[in-house]
Amino acid sequence: MATTPTLLTIDEYLRTSYHPDADFVDGEIEERNLGEYEHAKLQNLISLLFGNNEDDWGTDTVVEQRIRVNSSRVRVCDVAILSADAPHEHVTATPPFICIEIMSPEDRIPRATRVLNDYFLMGVPNVWLVDPIRRVAYVYNASGLQPAASLVLTVPDTPIRLDLNDIFRKLDRKIASHKRL
């Protein structure tokens with residue numbers, strides 16, 4: 001006999017720590033794929049780039065931040081870029097300026113699309129997906145998930161520029177140095 005999963009309230013979820021942190025979707029905990037080197041290192045390199053440019057770009061960079069995308073869902077974003085003047089929130093409820101998700105080998109596009117759609121529906125104007133294994137990037141907008149025109153992701157009318165060619169070169173150097181050891 002199948003049992004119905006016990007649903008949590010959003011308040012119960014927010015009072016609980018998960019290791020690694022998990023998404024909360026309509027009363028259920030959704031595990032996230034992460035923990036592999038390429039994912040972790042790419043997340044680090046992207047957050048360093050944005051962190052080093054916060055003053056010039058008027059942004060605030062956070063990783064693994066809980067974002068309350070609607071009344072029944074909380075997503076944990078790999079890298080979120082907040083506006084520098086956004087209110088301080090323990091759980092982000094103000095739409096970030098950019099949400100960046102990084103694929104892990106076990107991730108599948110349909111699940112990633114659901115996550116990206118939640119950010120988009122929340123009002124995040126720039127939603128990006130990066131795949132460190134296939135070395136591709138996607139943007140999510142009103143047309144859905146689209147391959148990025150290039151590996152240089154920008155935000156129009158801002159100096160913000162994420163050159164994934166450069167980031168992937170750094171990732172390759174790190175991987176190569178590990179293989180030499």
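Residues numbered from 1 in each chain as written. Predicted model: local features only at pLDDT ≥ 70, side-chain atom pairs only at ≥ 80, totals over all residues. Heavy atoms only, no water.

Novice: So, helix 2 (residues 37-52): which residues are in play, and what are the values?
Specialist: Along its 16 residues, helix 2 runs 22 Å from first to last C-alpha, staying within 8% of the 22 Å computed at 1.5 Å per residue. Buried within helix 2 are the following residues: His39, Lys41, Leu42, Gln43, Leu45, Ile46, Ser47 and Phe50. (Helix = DSSP H or I, 4+ residues; strand = E, 2+ residues; numbered from the N terminus. Expected span 1.5 Å × (residues − 1). Buried < 20%, exposed > 50% of the residue type's maximum accessible area, 1.4 Å probe, protein only.)

Novice: Quick rundown of the pairing of strand 3 (residues 59-70)? Include the residues and the values.
Specialist: Every regular strand shows the same layout, with side chains that alternate between the two sheet faces. Two strands pair when backbone bridges link them, and strand 3 and strand 4 (residues 73-83) are joined in this way by 10 bridges, in the antiparallel orientation. Bridging across to strand 4, aspartate 60 finds its partner in leucine 82. Connecting the antiparallel pair strand 3 and strand 4 is a turn made up of 2 residues. (Pairing = 2+ DSSP bridges.)

Novice: Break down unusual backbone geometry for me, citing the residues and quoting the values.
Specialist: Here the residue pair histidine 19 and proline 20 is connected by a cis peptide bond, since its omega of -5° sits within 30 degrees of zero. Residue position: proline 20 is located in the loop between helix 1 (10-14) and strand 1 (23-25). For aspartate 26, which is not glycine, the phi dihedral falls at a positive 50°. Assignment of secondary structure puts aspartate 26 in the loop between strand 1 and strand 2 (28-30). Look at glutamate 64: it is not a glycine, yet its phi comes out positive at around 55°. Looking at where glutamate 64 falls in the secondary structure, it is placed in strand 3.

Novice: Tell me about the pattern of salt bridges, and name the residues and values.
Specialist: Per the counting criterion, the structure on display carries 15 salt bridges. We note a salt bridge from aspartate 118 to arginine 73, for which the minimum N-O separation is 3.0 Å. Residue aspartate 118 is found in helix 4 (residues 109-122), and its partner arginine 73 is found in strand 4; the two are separated by 45 residues along the sequence. The pair formed by aspartate 118 and arginine 73 is uniform in burial state, with each residue classed as buried. When the shortest N-O distance is used, the salt bridge between arginine 134 and aspartate 131 registers 2.5 Å. A relative accessible area of 55% places arginine 134 in the exposed class. Several salt bridges converge on common partners, so that one network encompasses Asp23, Asp26, Glu30, Arg73, Arg75, Arg111 and Asp118. (Salt bridge = Lys/Arg side-chain N within 4 Å of Asp/Glu carboxyl O.)

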